[in-house]
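# Understanding the architecture of this molecule
Listed here are the chains, written in short residue letters.
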Amino acid sequence: MSYRTAAPVAPVTLDDVRGAQKMLSGVARVTAMEGSRHLSQLVGAPVHLKCENLQRTGSFKLRGAYVRIAGLLPEQRAAGVVAASAGNHAQGVALASSLLGVHATVFMPKGAPLPKISATRDYGAEVRLHGQVVDETLAAAQEYAERTGAVFIHPFDHPDVIAGQGTVGLEILEQCPAVRTVVVGIGGGGLAAGIAVAVKALRPDVRIVGVQAEGAAAYPPSLAAGRPVAVEHPSTMADGIKVGRPGDVPFGIVGDLVDEVRTVSEDELSTALLLCLERAKLVVEPAGASPVAALLSEPGAFAGPVVAVLSGGNVDPVLMQGVLRHGMAAQGRYLAVRLRLTDRPGALATLLGVLSVVDANVLDVSHVRTDPRLGLTEAEVELHLETKGPEHCVEVGRALREAGYPVIG
């Protein structure tokens, strides 16, 4: 489906993006574009991965932050800048400010991952922890800006930020001149809008496809309504695109230039992240893996050559562990079962012998003997198993039942 507004809005032009590209020369990396044989076979056409996860600070956010801060007047720079972010934007603002000699204060949620807090400080910003969710953090940053005169650097809702992100689009055209489809994750819309401005100006035939997580998909209802509409309580593991309302500035551009917005599930995000790690040898955060998730969900829907933008790689190790386990479960490669057995010497060894016969790798065992729900001679065992796919999971379950073990979960 194509989303077109009746009166196109052009707050950002190709000249703006080209100007941003000159400004970013020597600051932002021209990130690599890697081919993916596995995805190419699925899609039936060449698929390339634009690796913004390898950008300085680990995401595309440096581009827009630097252009925005570099464009400030001297008196604005002297007042400093302030931002609110759970991670990627925080690091982009911190590094950009450091490079430009501007004091940066960054508000982050109290629950932000420690590696992201530490990285933001290491890039030179003053970090203040406030609130449990980004909305509370954002309000605190805006209040700080009003009180101190510091310039608030929005993560996506400003023409300079969009122009900076649009430099990714120029690089895509330079690195893959034959591209026919660009797939990019959408949160507030800054990256998708910037890429669309650059690509459509030079190659209007290229199809731009945006991707949102199902639990934080504000763009489809907003585009249908013709105005930004907020989604209450957005929920997704992909915090980089976990935005409850489209930005006013990018919304007009996305509505005019982006051809389609798709949604992907949490299972699809997990599977995509696992694929990037195993097949492409790339560490990608869930938001960055969203374009790959879209390709996996319906590979025949994309004309090639396709460029999938891996927008970031800043994933918390604890989240990575959970996501990988979730992704393996979604592929039938991880199985958790609970069962009961007779509490006698050798019973657990016998159970493990059954699993050995069907070649299921035991990752973890929890053995409970004292529980009011259990009979006097019963024990409950929870097993986490590594399996070889859905058919193997079925085989494991059948072997357990045939051996007389009642599986209860």
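It should be noted that the structure appears before, not after, this text.
These lines cover the structure that appears in this document, whether it is placed above or below.

Basis of the calculations
Residues numbered from 1 in each chain as written. Predicted model: local features only at pLDDT ≥ 70, side-chain atom pairs only at ≥ 80, totals over all residues. Heavy atoms only, no water. Helix = DSSP H or I, 4+ residues; strand = E, 2+ residues; numbered from the N terminus. Rg over C-alpha atoms; globule rule 2.2 N^0.38 Å. Buried < 20%, exposed > 50% of the residue type's maximum accessible area, 1.4 Å probe, protein only. Contact = heavy atoms within 4.5 Å. Areas by Shrake-Rupley, 256 points an atom, 1.4 Å probe, with all protein chains shown as cover. Lys, Arg positive; Asp, Glu negative; His and termini not counted. Charge placed at Lys NZ, Arg CZ, Asp CG, Glu CD. Axes fitted to C-alpha atoms, helices over the stretch in contact; angles between N-to-C directions. Parallel < 35°, antiparallel > 145°, perpendicular 65-115°, else oblique. Left-handed = near helix turned anticlockwise from the far one by under 90°. Nonpolar A, V, L, I, M, F, W, Y, C, P; charged D, E, K, R; others polar. Arc of directions from axis to C-beta. Salt bridge = Lys/Arg side-chain N within 4 Å of Asp/Glu carboxyl O. Pairing = 2+ DSSP bridges.

## Observations concerning the overall build of the chain
Summing up its helical and strand segments, the chain has 16 helices and 13 strands in all. Computed over C-alpha atoms, the radius of gyration of the chain comes to 24 Å, within 12% of the 22 Å expected from 2.2 N^0.38 for 409 residues, which places it in the range of a compact globule. Taken along the three principal axes of its C-alpha coordinates, the chain extends 80 × 50 × 40 Å. Looking at the 409 residues of the chain, the share that counts as buried comes to 55%. For the chain, the share of sequence-separated contacts (at least 6 apart) that also reach a separation of at least 24 residues comes to 74%. In the structure as shown, the chain presents an accessible area of about 17,300 Å², 52% of it carried by carbon and sulfur atoms. Averaging the coordinates of the 36 positive side-chain charges in the chain and doing the same for the 41 negative ones gives two points 3 Å apart.

## Description of the packing of helix α8 (residues 159–175) against helix α9 (residues 190–202)
The N-to-C vectors of α8 and α9 enclose an angle of 50°; their axes lie 7 Å apart at closest approach. With respect to α9, the element α8 is oriented oblique. In this structure, α8 meets α9 at a crossing whose hand is right-handed. Note on element contacts: α9 touches α8 through Gly190, Leu191, Ala193, Gly194, Ile195, Ala198, Val199 and Leu202, opposite Ile162, Gln165, Gly166, Val168, Gly169, Leu170 and Leu173. Considering only residue class, the contact of α8 with α9 consists of 10 nonpolar, 5 polar and no charged.

## Digging into the environment of glycine 389
Examined against the element boundaries, glycine 389 turns out to sit in the loop between β13 (378–386) and α16 (390–402). C-alpha separation for the pair glycine 389 and alanine 163, spaced 226 residues apart in sequence, amounts to 44 Å.

## Observations regarding helix α1 (residues 14–24)
Helical geometry: 3.6 residues make up each α-helical turn, so side chains three or four residues apart lie on a common side. Looking at α1, one finds that the buried residues are Leu14, Val17, Ala20 and Leu24. One side of α1 holds all its buried residues, which, seen down the axis, span an arc of 120°. Pointing more than 90 degrees away from the buried face of α1 are the exposed residues Asp15 and Lys22. Directly after α1, the chain includes glycine 26, whose backbone phi takes a positive value near 85°.

## Observations regarding the pattern of salt bridges
Applying the stated criterion across every chain, the model contains 13 salt bridges. The partner of aspartate 205 in a salt bridge is arginine 203, and the shortest N-O contact between them spans 2.9 Å. Each of the salt bridges in this network shares a partner with another, and the network as a whole consists of Lys50, Glu52, Arg63 and Glu171.

## Describing the environment of serine 98
With respect to the helices and strands, the residue serine 98 is situated in helix α5 (residues 88–100). Serine 98 sits 19 residues away from isoleucine 117 along the chain, and the two C-alpha atoms are 16 Å apart.

## What about the sheet that holds strand β5 (residues 126–129)?
With parallel pairing, the 4 strands of this open sheet are ordered in space as β5-β4-β3-β6. Each having just a single partner strand, β5 and β6 (151–152) make up the two edges of the open sheet. Note that strand β4 (residues 104–108) and β5 share 4 bridges and pair parallel. Pairing of methionine 108 across the sheet is with leucine 129, part of β5.

## A closer look at the packing of α1 against α8
The description of two packed helices rests on the angle between their axes and on the distance between the axes. Where α1 meets α8, the axes come as close as 8 Å, and the angle between the chain directions of the two elements is 90°. Looking at the two axes, α1 sits roughly perpendicular to α8. Contact residues: α1 offers Leu14, Asp16, Val17, Arg18, Ala20, Gln21 and Leu24, while α8 offers Ala163, Gly164, Gly166, Thr167, Leu170, Glu171 and Glu174. Residues that form the contact of α1 with α8 fall into these classes: 6 nonpolar, 4 polar and 4 charged.

## Points about unusual backbone geometry
The linkage connecting glycine 304 with the following residue, proline 305, adopts the cis geometry, with an omega of 5°. Within the fold, proline 305 resides in the loop between α13 (286–297) and β10 (306–310). Phi is positive for threonine 57, which is not a glycine, with a value near 70°. Looking at the secondary structure, you find threonine 57 in the loop between β2 (47–51) and α3 (61–70). Note on threonine 57: relative accessible area 6%, which makes it buried. Look at aspartate 359: it is not a glycine, yet its phi comes out positive at around 65°.

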